[in-house]
Every structure is written in C-alpha cells, then in structure tokens.
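# Understanding the architecture of this molecule
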Amino acid sequence: MTTQAVLVDTSRCIGCRACMVACKEWNELPAEHVERTLPGSYQNRDDLTSQTWTVVHFAEQASGDDMRWLFAKTQCMHCADAACVSVCPTGAMQKDGTLTYLDETKCIGEGYCVAACPFGAVALDEGKGIVQKCTLCIDRVEHGELPACVKACPADALEFGDRAQMVAVAEARVGTLKGRGLARARTYGVDELGGLGYVYVLQDDPSVYQLPERPSARPVDIPVQARDWVAGAAAFGLGAIPVWWVFRRRTRLASEAAEREGEVR
Amino acid sequence: MTNHWIDFRNADVIMINGCNPAENHPVAWHWIRTAMDRGAKLINIDPRFTRTSSQADVYARIRPGTNVAFAGGLIDHILQNERYQKPYVVAYTNAPMIVDDRYGFTDGLFSGYDAATRSYANATWQYKRNADGTPQRDDTLADPRTVFQIMKRHYARYTPEMVERITGIPKAKAVEIYELFSATGRPDRAGTVLYAMGQTQATIGTQNIRALAITQLLLGNIGIAGGGVNALRGEANVQGATDMALLWQDVPGYMGIPRQAAHPTLKDYLAKETPATGYWANKPNFFVSLLKAWWGDAATAANDFGYDWLPKAKGNYSVLEIFDSMWNGKIKGFTVIGENPAVGSPNQNKVREAMEKLDWLVVADQWLTETAEFWSAKRPLRDTAETADPTKIGTEVFFLPVASFNERAGSYTNSGRWIQWMEKAVEPEGDSRSDLWIVDRLYKELRKAYAGSTAAKDRGLLSLAWDYGDDPSFEKVALEINGYTYGLREPIASFAALRADGSTACGNWIYAGYFQGHEKNRAAARDAADPGGVGTYAGWAYSWPVNRRILYNRASADLAGKPWDEKRKVIWWDPQGGAQKTGSWVGNDVPDFAPAKAPGAAAKPGGKALDALAGTDPFIMKPDGRGWLFVPSGLVDGPLPEHYEPFESPVGNVMSPVAFNPVSKVFSGAADAKGAAGDFPVIATTFRLTEHYQGGSETRNRPWLIELQPEMFVEMSPAFAAKRGIVDGDRVQVESARGSVFARALLTERIQPFQVNGTSVDAVALPWHWGFAGLSSGHSANVLTASIGDANTFIQEDKAFLVRVSKAGPQ
Amino acid sequence: MMPPEAFGWEIWLYFFLGGVAGGAIAAASIADLARDGRERPLVMRATLIALPLLALSSVLLLWDLGRSERFLNLLTAWRPTSPMWWGTWILIATSGATGLLLLRSSRPAARLTLAARALLSLNVLAATALVVYTGVLLTTSSRPLWSATPLVPVIFALSALSTGIAALALVSRAGPTADDLERADTAILVLEGAAIAVLLAWLALAAGPVGARAAGVVVSDLLVGGVFWIGVVGAGLLLPLLAVLWRMRSLTLVRAALVLAGGLALRFVIVAGGQAAPLV
C-alpha cells in the first residue's frame, strides 16, 4: 500500500519546468504543439490533458514597486476522497493508500472520472480509448525510486516521503514563511477532500495558483447524491400531475356524462 | 570562478548581479537554496524581474550597462563607512602601494591616453619603487598617493544620488543593498558575488568584473569559503575551452599568444612575458613544455623548441575582427566547430552577408545550424520580406556530423574549475564522429597533402608530434595535456615538475596532475566525503590548479596563519605540520601557497618567483603577491573601473565627457551603423531562457522544449505596448540601426522603463535563442546588436543597445 | 483552469433520446392508468417510440466508450456510489419493462387488471429512474453548471416529460387524447421554464464566482448561448407556449417539433455548456 505523498513547496519553486519534461520523458508522452504561451506569461497551457499530466502555473503580481512571480505545479492530486474513484462505473479507478490508481485493463473510457475531478486532472486519450493522469510514478516508487518530477526538480521544491512527514514539513515551512511576513502563506491538501497525495506550501490564496479554494466534494457526497435523486423524482412526479389530471378529468367527465345519460334513460 | 558551485552554500549574503541562475543554472541553484535554508540573504540586481528575482530577498532593477556605477557606489559606501576588512586590505591587497606621481584621472580619462590610437600607455599607472625595486607603501593608508586614497577619491564621485541618476535604482534601495552586502566585511561573515553575461557582455565588461573584484577584496571575501568572484559559465565545458585558449590572444594555460612585433624570438617572448617575482616567474617552464608537447622530438633547444614555427599574432583576431575581415572579402575559408555564429554573434546581417563571400565553409556540428544553412532560402534577408537565394551564393559548404557529448569520453571543466571525466555512454549514430576524430583526421589529411613539401612555412605543420592512435584516444590527449617527463614518459603530478629545458612536455600547465594514466585518472575520482564541512570534496574530480578548490585560500587565514573565521576555515598554519614537522599549511583544501612557507616568513630580498613573496602574500600569481585593487598593468582600458555609457545609449555620460569606452574599437563600415537615441529611443537587452539553450539548435529541435517555449518573443511592459497600440500576442517589429526582427509581443510588468537622469526611458528585452533553422524557428535578436565589444576581451556588447518598436501586421 | 472534455455529442444526444423514451412511456402509462386502460393504443405508440430509441441509446453509449469491447466491465463490477453504474442497470431494466408492454393488446380496454396496473406503474418508475439518473450523473461531478445546484435532475425530468409528450403528439391523430397531451405539455413547459430560470439565478447569485461564470456561459457564450436562446428558450419554450395562447390548433405538429428541438437544444446546452466554463 502506498503511504507516501509529494510535498510541493511553491516558495522554493523557480518555475524551471524540469518536472514537466521529466514526466513526459518517463511516461513517454509526446509533446503537444502550442501556438504560443498564455498571454503575458511563460505558461504554455492552462489545462491538463491525456498527454500532459502536469503543468506549472505562472502568476505575476505587481503592486507599486513590488513584484512577485509565483509558480505551482498541478497534476492529479491523489485525493483520499477521490471523486474519480467514486464515480467510476467499472472500478478501474481505485485507491491504494495515498495513490489513486488507474487499472488500465479495466477502463472503458466513458470519461465520467474526467467530469468528476475537481482539478481537471484526468483526461481521455482518444488513441488509447482510456483515461490518463499522473500515476504518482508508481512504476518507479514500487522499485524504491522517486517519482520522476521529484527526482528532476533542481530547486528542492519537491519531496517524496511518508505523508504525515510531508504534512509536518509543509506546516513548518508555512510557519517560516509567515515569520517572514507572508501572511497568506498556507498549506493546501492537508485536509482537503480527506487529504491529498500532493501536499502544498502556498505563498498566497489557492486561486492565485489556479487551485480551487474549496475543491468540490460533490462526487463523493452520497447523501447529496440521494437528495438529487429525490429532487429529480419529485420533479418528475410534479410533471406527472398535469398528465394524470387532464386524462383523469376526461375519464371523470366521461363517466359523469355516462351517469347522467343513464339517469336520463 | 575563484571559488566553486558547492561553496555558495557557505555564504551569508549572495549577490546575484548580471546572471540568472534560477533560469540558466538551475542544477547549481541547489547550493544557493542550501545557503538560503541556512539563513543567507539573496540580493538580485537585473534589468528584468526574472525567476531568480522571484527568490530574492532584495531586488533592484538596474539599467543595462550601468554596473560600474552601481559597484562604484558600493565601493564608495564601503570606503566611506569603513566596512572594509582593514587588516586584510592592508596586508593582502595593494591598497597601501604608492602610485606614480604622474598618475591622474581627468575628464573621464586616465593618464596616458592617446586619442589617435584609442589606447593607453600605462607607464604612469606603475608603483613608485624603492631603490631595491620593491614597491613603496604606506601601511597606514594615509598617503594621498596610495592606491587606497586614489580609490577613495575616484569612487567618492559615485554618490547614491549619482548612482540613482545613472542606474535608475532609487538611492534608498541602493543603500539598502550596500548595507546588506558590505556587512560581510567582517572577518566572520562571507559574501559571494555571482555574475555572467549581464556583466561581461558590455564594452566595459572587464571593468564591471574588476569592480566586483575590488568590492570583494575590500570586504576580505577573496580566498575564503562562501566568498569569491564567481562567473557562472554558460556551457558545460566552456571553462575547459577557455583554459585551452578559447580566446585568440591566449595559448593554453592563460599565457599570452606570441606577437610578431614584440616577440620575434623565444628569448624575446620569455624575457618580456616573464615577471621576476610571483609564481608566473615560472612561465618559461610552462611555455617551453607546451612547445615540447606540440613538437615532441622535433622541438629542441637548438631550434628554440619550435618557437619559429608558431604563428605569431600580427593584429586582432577576435570574432568581431573575423567577421569584419570576412565582410571585406579578406577571408576565403572558414571552419566552425560546435558554434553557431549565425545566431550567437552580434550584428547578424553583417555576419550572414560576410559568409556569402566565403569560397568555402566547413561546419562540424550535431545539427544543421543557421551557420550551416546561412545560404539557404530559410534565411530572411535584411529588412525585406525576401529570403536568401542559394543560386546567388558561391560558397562551397561542407557539413561534418559530430557525435553527441555522451557518444564519446572526455573531461568537462565546470565553472568551479573542477575537471570531471565522463565515459562514453553509447555509440555515435550513423557517420557522426567525435570532434577529436574530426580534428585528428583533418590533421592527418593535411599532413598527407603537404607531405612532399620542403617549404619552410610547412615545416611546423609537418613536424607536429601527432600520435593519438588510428582511432584517436581521448586518454592519449589527456595524458599530453596533463604533462609528462619527456625521457621516461611518466605523467607528472604537478606543474612544479615542469622545466624549460625540453625535459618535460605539457599541453596545459594548469591541468597538470588531472590525468596521470588510465589507473590514475583524478578527474574520474568520485569520493563524496567532505570531512571539513566546507564543501571542498577534495576526493571528487580534480580542480585546477593542483586540486585547489578555493583560489588564494591563504587569504582565508590571518597574518598569523589562523583562520579569520573558525566556522568556515579553509586552511591554517600548523607549526608542527609537514613531513619534516617543521610546519606546513593544513586544512580542508590544498593550500594555494608554498606549503611550507610560514605565515611570518619574510620575502627574500632580490628573490625570484615565490621567494620574492612573504608569508602574508596570498596572491601568488601577482608579482607583488597582493590582490590588485588598482591594476598597474594587464588591462588596456584603465587601472580602475569607471562608468561609461554603452556604445548605444539614450543619454550622455553624466560622470564625464567620455561617452563610451575610449579604448573599444569602433567598426565603421556600411554594416556598422550606430543608432542615435532620437531614432531609436528604446533600450534593449537580451536574455536567456531555461527552456532554450544558446543558439538554439539543441533545444529548438526538441519537441518537449518547444512545447514550453514555442516561439520568439519580445518582453515589454503593458504601458509601453499600450502607447503603441500593441496587445499581447501581436506581431511586432523591433528595429535597430543595423536591422530588424519580428517577434510576438509578451506584455509583462517584469519589464519597466528606467529613470535615467530624471527622464523615463522605455525598455524591451529579447531572448536570443531563435534563428531561422530548426523545428521552431524565428528571428534572431542578434540582428539588432552591434559589432562592438569589451576593450580587453572583445566580447560583444549584447546587453545594452537601442531600438524602436512598432506593431507589425500579420506575417 | 479549463477542464478536459468528458462528454461528447453521443452523451447529450443520448440524454435527449433517453428523455424522450422515458417521458413518452411515463406519460402514456400515466394516461392509461388515469383512463383505466382506454389509452392502450397510446401506450403501444409510446412503446414503439421508446424501444427503438432505447436500442439506439445503447448503441450510442457503446459507441461513446473509448473501449467499447469492454462494456461488460460495467456489469461485472459493484459500484453503487456511481450514478453511471446505476444507469447501466436502469437502462436494461427500463428496456425490459418497456418490452413487456408489447405483450399487451393495443386495443383500448374499459378496465385495468391488477397485472396491467402493476406493469404500467413499473414502467412509470423505470422511466422516472431512467430520466432522473442522467441528471444525477451530471450533478455528481465537479462542473459548476451541473453540480452547484440540484436543478439538473429537475430540469431533465420535466424536459423528458415535455419531449416525451411531444413525441406522442407527433404520432397521435387529432382528437381528445391529442388535446389532453397538449394541455399537459403546456403545464409542464411552464414548470420547465421556471426550473431553468431557477438554475440560472441560483448559479448567478448563490454559487460564487465560479457559478456565475457557469451561468454566464449559458446565456452569453457564442455557441452555447446561441443555442440556449434560440433553441431552448425560443423554440423549446416561448414559441410552443405562444402557440397555445394564440390557440393555433392547426400547428400541433409544428408545436411538437419545436418542443423536441428545444429538448435536444437543452441537453446540448447543459452538457456542452457545463464543460465550457473554467473550474477555478
């Protein structure tokens, strides 16, 4: 069972994107042609795809003479309460400890997990007919190696280890940042969705890094799912009332007419 | 570097000025990060806000080309506020030396300037000497003619107000940085300076670095752990190339190339180029051993070891000169190995048009670079929508495919002077061959072609000692570079074994000891132990000279031989040390000093070489053993750094009437137009990206990297763009007096106008990686730059020039 | 952060076809129950509409799969947390229940046996499940347009009924049954319109900036917004309601066609619109 998590300390990230290339290289993913990078940015795309499993976000903040340039890598978050696992109709998407693992032999490629993921981290591969996402490099980890991105990072921004340990380090680092005056520094992924397999140190609010402030837990919320059933059924029932009423009325009118006819005779 | 990569982790303050390690040396960034984790502060000075800036504690935006002004302010701050490490400065630098009475500096010029030849005679920059030849000194530093007082007067002109006027950095910010960095003047504090092209690629590039050296000497930061003046070299083995005489004016090991006029014979060369004192007094050993390595048996005392066969310099052969000569039709043949001048050299229209005049061109490279394809229809022509027409170009072009770096063995010398051996990993593809094989074959074919010749001019070529095997062996070459005794052919362990009598041969004296045979390949050593904890890792690879990691490390100890800083000690004097137990220098590094010379040892009167230096003279390569704050000889454009504007500048020089470096050569052909500020009001600078590399052939052919940075662009501020009706993504035209490029506009607040002398001057920045060849092609920023460079090294001034920018239509 | 596309044209077309099938079966069954078996011909017509649509739906869903040959994986797994897993069984069950209706005669009767009542009720339940599960499938996701409110199953339910009834109107001769169908449809269209309005208002006002952006896509995106205003609102709601107000009896077929077009447009707007808004 996988017990490790990745620590992403964005305060140490230098936006070099070695992680993006390492991921492509290890997983033999082709480059995807982009016409140009995003407006005013070095960031080359703002989405994850079946062939780009991690992307680094670039955020520039200019205020007066002060300038900040923030970077954050995003990918499948390997959520404890994984939406993709909950909605997968074949059981291909599974949890194994911290890892959210796709059994590529079971996936039928209907794409429900794609819709469920609050991070947009899973995508359908047209050619393979199945979905693809960050694998936490389980094929490396199970042989005692570091995930490719962690191995490649030159800035000591990525670490890999026992999740509790990564959380402790993240919290300590946030303490240091706050001590330096970064009031909005915080962790991300410690408790969200039951705890993510990627634990972040952020220097600002999650939305600055294009991360959802409160990632949607809808897909794993079974009581709410039941509520939606009730709402739909109630609406169907509501809509059935006019149908019943007009047809029943004709029946009633007909039988009243028949009765009156019977009376007349 | 005086220090090395890992040593950065020892610093208390790291000043990153004129380089961008987070983007361009990301692997080395780890050591900077380590320092920061230990509490070090990061200062970043750059015209743009870069990925390095995003990590800095203090960032200052500096106008390109004004580094001397900024450093001058720092020097002034150190001197006025007495932040210098006084005992170090008095004993280890030439601060107390007294300079010639005739020395002067007036109206922007040092004494000895000849306007007609645009050159200096340095007679008035020399020390005043005692009768016995030793320099006169005032150790109290009070004499107005001391180097110290001269410097104090010179840099008093660089007040914070003046610094702000010139650099655009608000004086409060400048002073904040000066305070932060000058706090490392304490003996128990270490500050390091990192630089690269941002400082060197200027007409005053050498003086930029000199200003850093002065700063570090004043603060006692040379020779210590966590200190130094550290260049971040731009390629994996450019340090190795430089060591082997990358610059035309050197021969391997940083000796000067013999010149026809001054050195007609070996005797002339050795007499004029060998100082009597300091370690360079041993130059004849190195030079003669070099000749012996080249000509082997044919080099004897009788024929001056083949000196007459050596081509002598009769002029200037820098890249700027080469292309100027080529453009004037004087160069017929051109061989380019592993370089892409058709993207990397300045004034690209001149370069590419010059190449059209060649009879033949040989390009040896892994890729079909712009240089290899300068003739093709891919190349855009100057200022038109047309492209080159191969039918109109008569050059015969040969392309030799070269094996990749991992397809052959060899050594790499990194910025820290560490020579690391790499083995061959895979066989080369197809017909590609290593550079060694190509050069070896070239020589063998030439030797065959000239075999029957009896002409005197061909003797040198035919007499070369050339035996590296049928399939040339890297190890044989390495052995020659290392040096060996000629009789027994035994590898030497150090250049101390070299002689000037033909009994030793050595391809590069500073490398002596690195490769003493297959079994004793010290460049292949991989011992990761660091017993002293200062990161010297003496068992990992081999650093020149003789595995010294921190140069001038005698200066890490005080006059009594005790470390200035116990926490970061490098070497120290052990009175019972050494084989004879009579005392030696010991510690965490190889002493850059005579190992048995006591700290209190006096200089021998009339002594030669190191005997002329005392036990307190750490700078053993200098004739006076001192670190030179003031440079009496060796630099052509002044003993002290002085601010001049770049060749193309939007403003005049407020420090003096001299506009730009008075010694830099100005080319004035038809391809060398100079832009006036009225026509080209925007300051432009060039930069590098993490995702692309140099001239781009290696990275603009890699889909994963193109995916990250797909096209040529120009960075500008949103306000700048708005004034010109440009929105992000628009195709824009950037023009200089020499040519124009089209690029995509990238609007960012990381570029801002500069406040120059009270006026706001706009600025743009361009990456210079693109060219017309490759999977991802685009226009080359160097179309815009000028054929002008530093007066000493001739490196091109790419970091500051003038342009104008306008919105262009779609392609 | 733009989300990757999960559901393509096969899915919104399936939602429409399944909605028509379920709505037709449910409406016809309810009518027959209300009329004690006198609407057996209507039920047969509904069955003959629904079964081919359900078959076509199955083909569409299989076609949509990246690995169609692995469809049995849906049936060999136990995934009760997944609305799509439930839907697989519901589709099978509904097809079965509807198929059973073929066993009945198509001549009107005057009373309903207990078995007939049970069968009709079963079909109403199955149709409800078939229609509602598609809505729950969408709400159980992270696309704000779908998941920020419980309105999608509500809208799908009402739209299924209105399009199912419209399909029945297309195949019913003029007469009292057709009139009744039209009256019921009018009421349902009003409810449907109200539900769509509530969805947009809820997203715009009570679901944060992400919800507001999602609503914005529906009403102002070039393609999605265009289809929304012209297809969903214009063709699907306003024109059919206006036709009733103006009592254009002769336009019954046109009216039915408009409602169907509106229903198709609605599925497109919800599915495509939900995937066109950023996640953050």
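The next thing to look at is the overall build of chain A. On a plain count of helices and strands, chain A comes out with seven helices and 10 strands. Relative to the compact-globule value of 18 Å for 265 residues, chain A shows a C-alpha radius of gyration of 26 Å, a clear excess of over 25%. Counting only C-alpha atoms, chain A reaches 100 × 50 × 40 Å along its principal axes. By the burial criterion, 60% of the 265 residues in chain A qualify as buried. Carbon and sulfur atoms make up 52% of the accessible area of chain A, which amounts to about 10,600 Å² in all.

Right, let's talk about the nonpolar core for a bit. Grouped burial of nonpolar side chains is what soluble globular proteins tend to show. Core analysis: the largest hydrophobic core is formed by 211 residues, its most contacted members being Met716(B), Val764(B), Leu766(B), Phe7(C) and Leu138(C). Per element, the largest residue contribution to this core is 16 residues, and it comes from helix α1 (residues 9-34) of chain C. Setting aside residues no more than four positions away along its own chain, Val764(B) makes contact with Val682(B), Ile683(B), Ala684(B), Thr685(B), Val714(B), Glu715(B), Met716(B), Phe720(B), Ile751(B), Val803(B) and Val805(B). Counting 71 residues, the second largest nonpolar core, distinct from the first, contains Ile43(B), Leu141(B), Ala174(B) and Leu212(B).

Once that is clear, we can look at α1(C). Relative to the 38 Å expected for 26 residues at 1.5 Å per residue, α1(C) spans 37 Å between its end C-alpha atoms, a close match to the ideal helical length. Within two residues after α1(C), Asp36(C) carries a phi angle of roughly 50°, on the positive side.

We now examine the sheet that holds strand β12 (residues 333-337) of chain B. All names here are of chain B. An order of β12-β13-β14 is seen for the three strands of this open sheet, with the pairing classed as parallel. Strand pairing shows two members of the sheet lacking a second neighbour, β12 and β14 (396-401), which therefore form its edges. Between one strand axis and the next, the sheet turns by 10° as a mean value, whatever way the strands run.

On to the interface of chain A and chain C, then. With 62 residues of chain A in contact, the opposing surface of chain C contributes 70 residues. Interface of chain A and chain C: buried area, both sides summed, is about 5,200 Å²; carbon and sulfur atoms make up 66% of it. Scanning the region where chain A abuts chain C turns up three salt bridges. Where the side of chain A that touches chain C is concerned, the elements lending two or more residues are α2 (83-87), α3 (112-116), β6 (123-125) and α7 (222-264) of chain A. Tallying contributions element by element places α7(A) first for the side of chain A that touches chain C, with 21 residues.

When the terminal C-alpha atoms of helix α9 (residues 205-218) of chain B are compared, their 20 Å separation across 14 residues agrees well with the 20 Å that a helix rising 1.5 Å per residue should span. Of the residues flanking the end of α9(B), it is Gly220(B), one or two places downstream, whose phi is positive at about 70°.

What follows concerns the pattern of salt bridges. Summed over the entire model, instances satisfying the criterion amount to 71 salt bridges over all chains. For Arg248(A), the salt bridge identified is with Asp36(C), shortest N-O distance 3.6 Å. Placement of Arg248(A) in helix α7 and of Asp36(C) in the loop between α1 and α2 (40-64) is noted, with the two residues assigned to different chains. Take Asp36(C): its relative accessible area is 17%, and that puts it in the buried class.

Looking now at the sheet that holds strand β16 (residues 418-422) of chain B. What holds strands together in a sheet is hydrogen bonding between their backbones, with the strands either parallel or antiparallel. Residues and elements named next belong to chain B. One open sheet holds the three strands; their spatial order is β15-β16-β19, and the pairing between them is antiparallel. In this open sheet, the two edge strands, each paired with only one partner strand, are β15 (410-413) and β19 (542-543). Here β15 pairs with β16 via four bridges, running antiparallel. Note that in β16 the partner of Gly410 across the bridge is Met422.

Attention shifts here to the confidence of the model for chain B. Confidence in the prediction of chain B, expressed as mean pLDDT, is 97, and 100% of residues score 70 or more. Interface predicted TM-score (ipTM) for the complex: 0.95; the corresponding pTM is 0.95.

In this assembly, 36 residues from chain B lie in contact with 36 residues from chain A. Carbon and sulfur atoms supply 56% of the area that chain B and chain A bury against each other, a total of about 2,900 Å² over both sides. The largest share of the area that chain B buries against chain A comes from Trp704(B), Glu707(B) and Leu708(B), three residues that together contribute 25% of it. Across the pair Arg12(A) and Asp37(B) runs a salt bridge, and its minimum N-O distance is 2.7 Å. Broken down by secondary-structure element, the contributors of at least two residues to the side of chain B that touches chain A are α1 (21-24), α2 (29-37), α19 (703-708), β23 (713-716) and β25 (739-747) of chain B. Top element by residues in the side of chain B that touches chain A is α19(B). It accounts for five residues.

With that settled, the discussion passes to the environment of Gly513(B). Relative to the elements of secondary structure, Gly513(B) occurs in the loop between β18 (504-505) and β19. Those residues in contact with Gly513(B) that lie beyond four places of it in its chain are Asn482(B), Ile492(B), Ala493(B), Arg522(B) and Tyr542(B).

Taken together, the two pairs of chains in contact show their highest number of contacts between chains A and C. Chain B makes no contact with chain C; the smallest distance between any of their C-alpha atoms is 17 Å.

The next point concerns the domain arrangement of chain B. All names here are of chain B. Under the domain assignment, chain B is made up of domain 1 (1-236 + 550-643), domain 2 (319-446) and domain 3 (682-807). For domain 2 versus domain 3, the separation of C-alpha centres amounts to 24 Å. Of the roughly 1,900 Å² buried at the junction of domain 2 and domain 3 (both faces included), carbon and sulfur atoms supply 57%. Of all residues in domain 2, Leu320, Trp367 and Glu370 bury the most surface against domain 3, accounting for 30% of the area lost on that side. Counting the contacts that link domain 2 with domain 3 gives one salt bridge. Measuring nitrogen to oxygen at the nearest pair gives 2.8 Å for the salt bridge that ties Glu370 to Arg700. Between the two partners, domain 2 and domain 3, sit 13 residue pairs in polar contact (both at pLDDT 80 or more). If you list the elements that add at least two residues to the side of domain 2 that touches domain 3, you get α14 (341-344) and α15 (348-355). Considering every element that reaches the side of domain 2 that touches domain 3, the biggest residue donor is α15, with four residues. A per-class count over the side of domain 2 that touches domain 3 returns eight nonpolar, nine polar and eight charged.

Take Asp47(A): it is sitting in the loop between α1 (18-26) and β2 (55-63). Polar contacts involving the side chain of Asp47(A) include one to the side chain of Arg45(A), which spans 2.8 Å. Not counting chain neighbours up to four residues away, the residues in contact with Asp47(A) comprise Val55(A), Met1(C) and Met2(C).

Attention shifts here to the domain arrangement of chain A. What the domain assignment reports for chain A is domain 1 (1-219) and domain 2 (222-261). Computed over C-alpha atoms only, the centres of domain 1 of chain A and domain 2 of chain A are separated by 50 Å.

In the structure shown here, the tally under the stated rule is 59 aromatic pairs over all chains. Here the aromatic cluster, defined as three or more aromatic residues joined through ring pairs, consists of Tyr42(A), Phe58(A), Trp69(A), Phe71(A), Phe687(B), Phe713(B) and Trp770(B). In this structure, Arg724(B) packs its charged tip against the face of Phe720(B), placed 3.7 Å from the ring centre. Its guanidinium or amino end placed over the ring of Tyr42(A), Arg750(B) lies 5.0 Å from that ring's centre, counting from NZ or CZ.

All right, on to a nonpolar patch on the surface then. Among the surface-exposed residues, Leu238(A), Ile241(A) and Trp245(A) lie close enough to one another that they form a single nonpolar patch of about 330 Å² accessible area. With respect to the secondary-structure elements, Trp245(A) resides in helix α7.

Quick notes on the rules
Residues numbered from 1 in each chain as written. Chains lettered and ligands numbered in written order. Predicted model: local features only at pLDDT ≥ 70, side-chain atom pairs only at ≥ 80, totals over all residues. Heavy atoms only, no water. Helix = DSSP H or I, 4+ residues; strand = E, 2+ residues; numbered from the N terminus. Rg over C-alpha atoms; globule rule 2.2 N^0.38 Å. Buried < 20%, exposed > 50% of the residue type's maximum accessible area, 1.4 Å probe, protein only. Areas by Shrake-Rupley, 256 points an atom, 1.4 Å probe, with all protein chains shown as cover. Core = buried A, V, L, I, M, F, W, Y, C linked by side-chain atoms within 4.5 Å. Contact = heavy atoms within 4.5 Å. Expected span 1.5 Å × (residues − 1). Pairing = 2+ DSSP bridges. Axes fitted to C-alpha atoms, helices over the stretch in contact; angles between N-to-C directions. Buried area = accessible area lost by both parts, 1.4 Å probe. Salt bridge = Lys/Arg side-chain N within 4 Å of Asp/Glu carboxyl O. pLDDT = per-residue confidence, 0-100. Domains from an automatic or database assignment. Polar contact = N/O pair within 3.5 Å; in protein donor to acceptor, adjacent residues only side chain to side chain. Nonpolar A, V, L, I, M, F, W, Y, C, P; charged D, E, K, R; others polar. Phe/Tyr/Trp six-rings, centres within 6.5 Å; stacked < 30°, edge-to-face > 60°. Lys NZ or Arg CZ within 6 Å of the ring centre and 35° of its normal. Patch = residues over 30% accessible without salt bridge, like charges linked within 9 Å, V, L, I, M, F, W, Y side chains within 5 Å.

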